Amino acid sequence: MKTKNAAAKGIIASFVNPTSSGKVEYFEKACLLWNTEGEITYFGDVPPLETLAGQSVLLRENFIVLPGLIDLHTHLPQYEFVAQGEHALLPWLEKYTYPQEARFRESRVAEEQSRNFFESCLSLGTTTVVAYLSPFFEAAAIAFEEATKAKIRAYMGPALMDRNVPPDLQTTVNQTEKDSLFLLEKYHKKKNTEFVVTPRFAITCSEELLALSGRLSQEYKTLLQTHISENVDEVHETLRLFPTASSYAGVYDRTGCLHERTLLGHGIHLSSEELRIIQERKSVLVHCPTSNSFLGSGIMPYRLFKEQGLSMGLGTDVAGGYSLSLFDEMRTMVEVSKLRSSLLKEESTVSVENALCQATLLNARAIGRDDLGSFAVGKKADFIVVDSSMANPLLNERKNNYDALSEKLQRIVYRSHPQMVNESFIAGEKVFAR
Ligand code: GUN
Ligand code: ZN
């Protein structure tokens, strides 16, 4: 074992390590060590214990360690009303979403709910989150402050809208530029936070606001997040509002919003020409399967898109998605893929292993974070410690007949328990403990 770069801390446990092939590696017992900067210095067999003398190494032998999960699409102000509503997208936005987001004008609401949101993410194993905020600049600043206190890796921006929503939720192009420059200066790449330019979707944005979004995200090299082609009525309304555009993707393309740091939520009803543009621009399509089921939006052909070479992501899309847990999202991802395959006679489906690779390593890659998402020397020690026995059918049974690591992984994805994440670490620092 190389102990030259003496690790400040370490952990011995079972490990599941995602790979870019979509398969994972299982380690019944292994050791992870990291240095004072929170970078991994060793991952492999447990070294002779005397070589670890003097180093603080955690023993978690009955637990599974996974890389911290990465949520590429969710909405902070919507967490309070998860699992509410029986509507399709557009009426659901009017009835639930806009009134709830309006409450974030009050600082107390913004503060309490931001704190609760980040604590919930960490308690569910999400160590990196890309989130839409409410439209208010002050509430956005509060969210950045709370994320910094929680120490979570957070990529966020206020949801930009200048039309087709209640007037108190609307901003202007000039105001957006001022607010964005302030948030960029104060929070972009400071500690663990990054600013994301966030035009909500084409229906609520003027051409000028989209053009500003494209420009800011290119000039400051930030992520840009928006929604695309989630629902058939939404597509029709977009084409009605932008009559000269070639397509929904064409609206974003002509305003500079499609580039390699663009995250496009949903993308269920895209034409082959739109897919071609998105692929050419190297933008990422973020799959949000629980939301797509909950709002009855459709089934995104994740597997087909992936095989075509599109860059893909995965997100919970709370509160279109009814759970903030990426374990739940992985399960739905696998299930809708099997349904789609059996309905449409498609050959390949998404496996539990594929889903875990997407929620970690591939989501990390999609936001340019090759230093996250799996265990390898030089990467950041972001990881979670999971008590898989909580997903067992027999209560309080630590040991049962299906306890190979691959079987435990199946269990924690299909039967995820809201309290099964025991600890979460970011850059080797414990940021959540049950
Ligand atoms: N499209 C525009 N805004 C939203 C939102 O808040 N949630 C979902 N699911 N789709 C959207
Ligand atoms: Zn969304």
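The rules behind these values
- Residues numbered from 1 in each chain as written.
- Chains lettered and ligands numbered in written order.
- Predicted model: local features only at pLDDT ≥ 70, side-chain atom pairs only at ≥ 80, totals over all residues.
- Heavy atoms only, no water.
- Donors = N, O, S within 2.8 Å, 3.2 Å for Na, K, Ca; no water.
- Tetrahedral: all angles 85-135°; square planar, octahedral: opposite > 155°, others 65-115°.
- Helix = DSSP H or I, 4+ residues; strand = E, 2+ residues; numbered from the N terminus.
- Polar contact = N/O pair within 3.5 Å; in protein donor to acceptor, adjacent residues only side chain to side chain.
- Contact = heavy atoms within 4.5 Å.
- Near = heavy atom within 4 Å.
- Areas by Shrake-Rupley, 256 points an atom, 1.4 Å probe, with all protein chains shown as cover.
- Nonpolar A, V, L, I, M, F, W, Y, C, P; charged D, E, K, R; others polar.
- Disulfide = S-S within 2.5 Å.
- Buried < 20%, exposed > 50% of the residue type's maximum accessible area, 1.4 Å probe, protein only.
- pLDDT = per-residue confidence, 0-100.
- Core = buried A, V, L, I, M, F, W, Y, C linked by side-chain atoms within 4.5 Å.
- Pairing = 2+ DSSP bridges.
- Axes fitted to C-alpha atoms, helices over the stretch in contact; angles between N-to-C directions.
- Salt bridge = Lys/Arg side-chain N within 4 Å of Asp/Glu carboxyl O.
- Parallel < 35°, antiparallel > 145°, perpendicular 65-115°, else oblique.
- Left-handed = near helix turned anticlockwise from the far one by under 90°.

J.: I would appreciate a short explanation of the coordination of the zinc ion (ligand 2) in the present structure.
T.: When four donors bind a metal tetrahedrally, each ideal donor-metal-donor angle is 109.5 degrees, and when six bind octahedrally, the ideal angles are 90 or 180 degrees. Distances from the zinc ion (ligand 2) to its protein donors, His73 (NE2), His75 (NE2), His227 (NE2) and Asp317 (OD), fall at 2.1 to 2.2 Å. One can describe the donor arrangement at the zinc ion (ligand 2) as irregular, given that its four donor atoms subtend angles of 92 to 162° at the metal.

J.: Even after reading the chapter, I still don't get the side chain of Arg261, so can you show me in this structure?
T.: Structurally, Arg261 can be placed in the loop between helix 7 (248-254) and strand 10 (262-266). One polar contact links the side chain of Arg261 to the main-chain carbonyl oxygen of Lys221, over a distance of 3.5 Å. Those residues in contact with Arg261 that lie beyond four places of it in its chain are Ser217, Gln218, Lys221, Thr222, Leu223 and Leu224.

J.: I'm lost on the site of ligand 1 in this one. Help?
T.: Neighbouring residues of ligand 1: 13 residues in total, closest His75, Gln78, Arg200, Glu230 and Asp317. Between ligand 1 and Arg200 there is a distance of 2.8 Å, counted from an oxygen atom to a side-chain nitrogen or oxygen. Within the side chain of Asp317, an N or O atom sits 2.8 Å from a nitrogen atom of ligand 1. In isolation ligand 1 has 280 Å² of accessible area, and contact with the protein removes 100% of it. Considering each element in turn, the shell around ligand 1 owes the most residues, three residues, to helix 1 (residues 89-102). For the shell around ligand 1, a count of residues per class yields five nonpolar, five polar and three charged.

J.: Can you walk me through the state of the cysteines in this structure?
T.: Among covalent bonds in proteins, the disulfide is the one between the sulfur atoms of two cysteines. This model, assessed by the stated rule, comprises zero disulfides. Cys257 provides the cysteine sulfur closest to Cys205, a residue in no disulfide bond, and the two sulfurs are 8.2 Å apart. Given a relative accessible area of 0%, Cys205 falls into the buried group.

J.: So what exactly am I meant to see when it comes to unusual backbone geometry here?
T.: Glycine aside, the phi torsion of most residues is negative, and most peptide linkages are trans. Residues Val318 and Ala319 are joined by a peptide bond in cis, for which omega reads 5°. Note on placement: Ala319 falls in the loop between strand 12 (311-314) and helix 11 (326-344). The backbone phi angle of Lys282 is positive, close to 65°, even though this residue is not glycine. Following the sequence through the fold, Lys282 ends up in the loop between helix 8 (272-280) and strand 11 (284-287). By relative accessible area, which is 58% here, Lys282 ends up exposed.

J.: In this structure, what is going on with the confidence of the model for the chain? I would like to understand it.
T.: Any segment with low pLDDT has predicted coordinates that should not be analysed in fine detail. Model confidence for the chain is summarised by a mean pLDDT of 96, while 97% of its residues fall at 70 or above. Note on residues 1-7: pLDDT is under 50 here. Beyond four places in sequence and across chains, it has 14 contacts.

J.: Quick question: what am I supposed to make of the environment of Ser21 here?
T.: Along the chain, Ser21 turns up in the loop between strand 1 (9-18) and strand 2 (24-34). As a C-alpha pair, Ser21 and Glu138 span 117 residues in sequence and 43 Å in three-dimensional space. Among the polar contacts made by the side chain of Ser21, one reaches the main-chain amide nitrogen of Lys23 at a distance of 3.2 Å.

J.: Honestly, the nonpolar core in this entry has me stumped. Any pointers?
T.: One broad rule of soluble globular proteins: the nonpolar side chains tend to lie buried together. Core analysis: the biggest nonpolar cluster contains 104 residues, and Phe118, Tyr252, Leu285 and Phe327 have the highest contact counts within it. Setting aside chain neighbours within four positions, we find Tyr252 in contact with Phe201, Ala202, Leu210, Thr226, His227, Ile228, Cys257, Leu258 and Leu264. Membership of the second largest hydrophobic core comes to 15 residues, among which are Leu32, Phe43, Val65 and Phe383.

J.: Would you take a moment to explain the sheet that holds strand 5 (residues 69-75) for this structure?
T.: Here we have eight strands laid out as an open sheet, ordered 5-6-7-8-9-10-11-12, and parallel in their pairing. Strands with a single pairing partner mark the edges of an open sheet, and in this sheet they are strand 5 and strand 12. Strand-to-strand twist of the sheet, defined as the mean angle between neighbouring strand axes without regard to direction, takes the value 25°. The pairing of strand 5 with strand 6 (residues 126-133) spans five bridges and is parallel. Bridging from a neighbouring strand, Leu69 pairs with Thr126 of strand 6. Packed on one face of the sheet, helix 5 (residues 207-219) meets strand 8 (193-197) and strand 9 (223-228) and runs near 145° to strand 9.

J.: How should I be thinking about the pattern of salt bridges in this particular structure?
T.: As a working rule, side chains carrying opposite charge can pair if their charged atoms are close by. Inspection of every chain in the model, using the stated rule, returns 28 salt bridges. Residue Glu111 pairs with Arg115 through a salt bridge whose shortest N-O separation is 3.0 Å. With a gap of four residues between them, Glu111 and Arg115 both fall in helix 2 (residues 107-123), about one helical turn apart. Judged by its relative accessible area of 34%, Glu111 falls in the partly exposed class. For Arg115, a relative accessible area of 35% puts it in the partly exposed group. One salt bridge connects Glu237 with Arg240, and the closest N-O pair in it is separated by 2.8 Å. Of the two residues, Glu237 and Arg240 are both situated in helix 6 (residues 232-241); the distance of three residues between them amounts to about one turn of the helix. When salt bridges that share partners are traced, they join Asp253, Glu273, Arg276, Glu280 and Arg281 into one network.

J.: Just to check I follow, could you spell out the packing of helix 4 (residues 173-187) against helix 5 for this structure?
T.: The contact between helix 4 and helix 5 brings their axes to 10 Å, and the two run at 20°. With respect to each other, helix 4 and helix 5 are oriented roughly parallel. In the packing of helix 4 onto helix 5, the handedness of the crossing is right-handed. Facing Val173, Thr176, Glu177, Ser180 and Leu181 of helix 4, the residues of helix 5 in contact are Glu208, Leu209, Leu212, Arg215 and Leu216. A class-by-class count of the residues in the contact of helix 4 with helix 5 yields five nonpolar, two polar and three charged.

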